[in-house]
Amino acid sequence: MNSVTYILSTLCPGGGVEAFCQNAISSLNAHGWSTNLIVLGRFDPVMVKQFQTRGCQVDCLSENGQKDTFFALLRQYPRMKRLLAQRAGMVVHMHTCSHSVVLVLHCLKALKRPVRILHSHTSPRADMGLLRRLRYRAVRAYASRTATRFAACSRKAAEFLFTDRLIQEGAVQIIPNALDASRFSFDLQARMRKRNELHWKTERIIGCVGRLEEEKNTSFALELMPAVLQLDSQARLLLVGDGSLRAALEQQAERLGLSEHVFFAGRTERVGEYLCAMDVFLMPSQFEGMPMALLEARCSGLPSVVSEGVPAECCSPEECIRLPLSAPVRDWAEALTRPVRTPEERVQMGRECREYGDLATMTEKLLLLYQESTETTEKRKIAK
């Protein structure tokens with residue numbers, strides 16, 4: 001049986017990389033591939049069990065769940081090398097772009113693992129400092145020499161982690177994130193049921209889905225609400241997800257006098273129902289690679305307002321407005337208070353989007369990447 005080892009920085013709820021891996025692993029298993037998972041940093045025990053129930057062996061490098069910084073991983077280097085040496089199969093697929101990727105690639109090269117695939121899932125934040133840019137330039141140079149294959153979820157993500165030469169030569173394969181679209185299709189009954197639960201039956205619901213962390217810029221969504229309420233006093237903000245900033249965001253909402261206008265739904269496995277309840281989707285992220293939450297919103301037929309940190313290729317001009325974070329608050333507020341779509345319009349828009357985030361297409365590209373990589377390796381062995 002063919003085998004692939006996935007390496008992740010984190011394994012936490014609400015992450016786009018985690019969602020990508022869940023979908024990929026289920027599809028790969030159906031095509032006869034076994035999967036292993038190595039988590040370098042923070043992890044959620046519940047998610048570990050979810051992957052294990054899919055037949056995936058999971059090893060967490062950090063026993064206390066600390067972040068996978070360069071120096072933390074340097075201390076764990078001997079254990080990481082032992083784990084990678086034990087994994088069957090020749091394919092290793094890395095879904096991390098932190099500075100620690102240098103140590104992972106160094107380890108794989110030392111072990112003579114022939115297929116070292118590096119996959120970029122993110123893009124640069126607009127306010128990245130000079131020192132951080134220099135560090136990533138060094139990572140980019142080393143990765144381009146040491147990884148054997150390259151993939152990215154979007155063109156913008158490719159430009160972040162790989163050299164211009166690799167991209168121009170066509171060496172970076174673009175594999176858009178995909179999902180089981182049926183889970184996020186618009187359902188009128190689900191919309192009515194969820195809005196009744198929220199006690200927002202006729203209000204305009206603006207929704208955000210994602211981890212409550214700095215890069216998602218949820219505080220910006222709260223700052224927009226006073227201007228939105230000036231245009232529509234019945235507007236409400238629905239935040240789906242959890243994270244380390246939740247308490248601070250709840251305090252911010254209270255300071256802004258928004259307690260009655262904002263609801264923190266927390267973590268949930270039933271995101272599709274919340275999307276059905278929403279009228280417009282808001283994503284003011286500092287940076288994104290190809291956000292799964294936006295694909296889910298599009299499958300639900302939701303019009304979206306996003307920052308320029310979201311790659312343009314993820315957006316359709318008919319259903320998505322991209323604005324710089326520096327744009328006037330009034331522009332954001334007006335975009336968020338456009339006429340609400342009818343259920344029929346949402347069903348149609350969702351149907352059109354599902355062709356973009358097709359899971360079968362993503363799986364086909366992954367299988368081709370793995371098969372070409374292993375065939376190339378076998379040919380080199382024969383040539384020797």
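Computed from a predicted model, the values in this text were never measured in an experiment. (Residues numbered from 1 in each chain as written. Predicted model: local features only at pLDDT ≥ 70, side-chain atom pairs only at ≥ 80, totals over all residues. Heavy atoms only, no water.)

## Thoughts on the environment of Gln66
Put simply, the test is: In this description a helix means any DSSP run of H or I spanning at least four residues, a strand means any run of E spanning at least two, and both kinds are numbered starting from the N terminus. Relative accessible area decides the class of each residue, using a 1.4 Å probe on protein chains only: under 20% of the type maximum gives buried, over 50% gives exposed, and in between gives partly exposed. For this analysis, residues touch if any pair of their heavy atoms sits within 4.5 Å.
As for its placement among the helices and strands, Gln66 is situated in the loop between β3 (57–60) and α3 (70–75). Classification of Gln66 as partly exposed rests on a relative accessible area of 29%. A sequence separation of 56 residues divides Gln66 from Thr10, and the C-alpha atoms of the two residues are 9.6 Å apart. The contact partners of Gln66, leaving out residues within four places of it in the chain, are Gly41, Arg42, Ala72 and Arg75.

## Observations concerning the packing of aromatic side chains
Rule in force here: The rule is short: rings of Phe, Tyr and Trp, with Trp giving its six-membered ring, pair when the centres are within 6.5 Å, and they are stacked under 30 degrees, edge-to-face over 60, tilted in between.
Under the defined criterion, the tally for this structure stands at five aromatic pairs. A ring pair is formed by Tyr136 and Phe160, whose centres lie 4.9 Å apart and whose planes are at 55°; its orientation type is tilted. Remark: Phe160 occurs in helix α7 (residues 155–161) and Tyr136 occurs in helix α6 (residues 130–146); sequence separation between them is 24 residues.

## Things to note about the sheet that holds strand β6 (residues 149–152)
We count it as follows: Two strands qualify as a pair provided DSSP detects at least 2 bridges between them. In this description, a line fitted to the C-alpha atoms serves as the axis of each element, helices being fitted only across the stretch in contact, and the angle between N-to-C directions of two axes falls anywhere from 0 to 180 degrees.
Reading across from one edge, β3-β2-β1-β4-β5-β6-β7 is the order of the seven strands in this open sheet, with parallel pairing throughout. Edge positions in the sheet fall to β3 and β7 (172–174), since each of these pairs with one other strand and no more. Each adjacent strand pair in this sheet contributes to an overall mean axis angle of 20°, direction not counted.

## Brief notes about helix α14 (residues 329–336)
Because the α-helix completes a turn every 3.6 residues, residues three or four places apart line up on one side. Where we set the bar: Starting at the helix axis, one direction is taken to each C-beta atom, and the arc is that of these directions.
Taken residue by residue, α14 has Trp332, Ala333, Ala335 and Leu336 as its buried positions. Down the axis, α14 shows its buried residues gathered within 160° of arc, on one side only.

## Quick look at the sheet that holds strand β9 (residues 235–240)
Paired through backbone hydrogen bonds, the strands of a sheet run either parallel or antiparallel to each other. Spatial strand order, β10-β9-β8-β11-β12-β13: six strands in an open sheet with parallel pairing. Since the sheet does not close on itself, it has two edges, and those belong to β10 (262–266) and β13 (320–323), each with one partner. With direction set aside, neighbouring strand axes in the sheet form an average angle of 20°. Looking at chain direction, strand β12 (residues 304–307) and β13 are connected through four bridges and run parallel. Across the sheet, residue Ser304 finds its bridge partner in β13, namely Cys320. Relative to the sheet, helix α10 (residues 218–231) contacts β8 (204–209), β9, β10 and β11 (280–283), its axis offset from that of β9 by approximately 170°.

## Brief notes about the pattern of salt bridges
For clarity, the cut-off: When a carboxyl oxygen of Asp or Glu lies within 4 Å of a side-chain nitrogen of Lys or Arg, that pair is called a salt bridge.
Using the criterion set out here, one finds 17 salt bridges in the structure. With its nearest N and O atoms 3.8 Å apart, the salt bridge here joins Glu273 to Lys194. With a gap of 79 residues between them, Glu273 in helix α12 (residues 271–277) and Lys194 in helix α9 (residues 188–198) connect regions that are remote in the sequence. Given a relative accessible area of 16%, Glu273 falls into the buried group.

## Some words on the nonpolar core
If you look at soluble globular proteins, the nonpolar side chains tend to sit buried side by side. Our working rule: Within this scheme, the nonpolar core is defined by two criteria: the residues are buried Ala, Val, Leu, Ile, Met, Phe, Trp, Tyr or Cys, and they are joined through side-chain atoms within 4.5 Å.
With 66 residues, the main nonpolar core has Met80, Phe162, Leu238, Leu275, Met278 and Phe281 as its most contacted residues. Non-local contacts of Met278, meaning those with residues more than four positions away in its chain, are made with Arg191, Ile205, Gly207, Cys208, Val209, Leu238, Val240, Leu302 and Arg346. Among the nonpolar cores identified, the runner-up in size contains 31 residues, and Leu28, Ile117, Ala151 and Ala178 belong to it.

## A closer look at a nonpolar patch on the surface
Selection criterion: Like-charged residues within 9 Å of one another, or nonpolar side chains (Val, Leu, Ile, Met, Phe, Trp, Tyr) within 5 Å, are grouped into patches, provided each residue has over 30% relative accessible area and no salt bridge. Here, Shrake-Rupley sampling with a 1.4 Å probe gives the accessible areas, and only protein chains in the shown set may cover a residue.
On the surface, Phe70, Phe71 and Leu74 cluster together into a nonpolar patch covering about 300 Å² of accessible area. Mapped onto the elements, Phe71 comes out in helix α3. Residue class for Phe71 comes out exposed when judged on its relative accessible area of 57%.

## A few points about the packing of α10 against helix α11 (residues 246–255)
Condition: Angle categories are assigned with fixed cut-offs, so that under 35 degrees is roughly parallel, over 145 is roughly antiparallel, 65 to 115 is roughly perpendicular, and the rest are oblique. Amino acids are sorted into nonpolar (Ala, Val, Leu, Ile, Met, Phe, Trp, Tyr, Cys and Pro), charged (Asp, Glu, Lys and Arg) and polar (every other residue, Gly among them).
Contact geometry for α10 and α11: axes closest at 10 Å, N-to-C directions at 10°. As far as their axial angle goes, α11 and α10 are roughly parallel. Judged by residue contacts, Thr218, Ser219, Leu222 and Glu223 of α10 engage Leu249, Gln252 and Ala253 from α11. The residue inventory of the contact of α10 with α11, partitioned by class, reads three nonpolar, three polar and one charged.

## Brief notes about the side chain of Asn36
Short version of the rule: Nitrogen and oxygen atoms within 3.5 Å of one another constitute a polar contact, given that in protein one can donate a hydrogen and the other can accept it, and given that sequence-neighbouring residues count only through two side-chain atoms.
By secondary structure assignment, the location of Asn36 is in strand β2 (residues 33–39). At a separation of 3.5 Å, a polar atom in the side chain of Asn36 contacts the side chain of Thr5.

## Re a positive patch on the surface
Put simply, the test is: Lys and Arg are tallied as positive, Asp and Glu as negative. Neither His nor the chain termini are counted. Where a charge sits is defined by one atom per residue type, namely NZ (Lys), CZ (Arg), CG (Asp) or CD (Glu).
Side chains of Arg42, Lys67, Arg132 and Arg135 sit close together on the surface and give a patch of like positive charge. Along the chain, Lys67 turns up in the loop between β3 and α3.

## What about the state of the cysteines?
To be explicit about the condition: When two cysteine sulfur atoms are found within 2.5 Å, that pair is recorded as a disulfide.
Here the structure, examined in full by the defined rule, presents zero disulfides. Free of any disulfide, Cys107 has its nearest neighbouring cysteine sulfur in Cys60, separated by 17 Å. For Cys107, a relative accessible area of 0% translates into the label buried.

## What about the side chain of Asn23?
Within the secondary structure, Asn23 is located in helix α1 (residues 16–30). A relative accessible area of 14% places Asn23 in the buried class. Not counting the four nearest positions on each side in its chain, Asn23 is found in contact with Ala178, Leu179, Met292, Leu359 and Met362.

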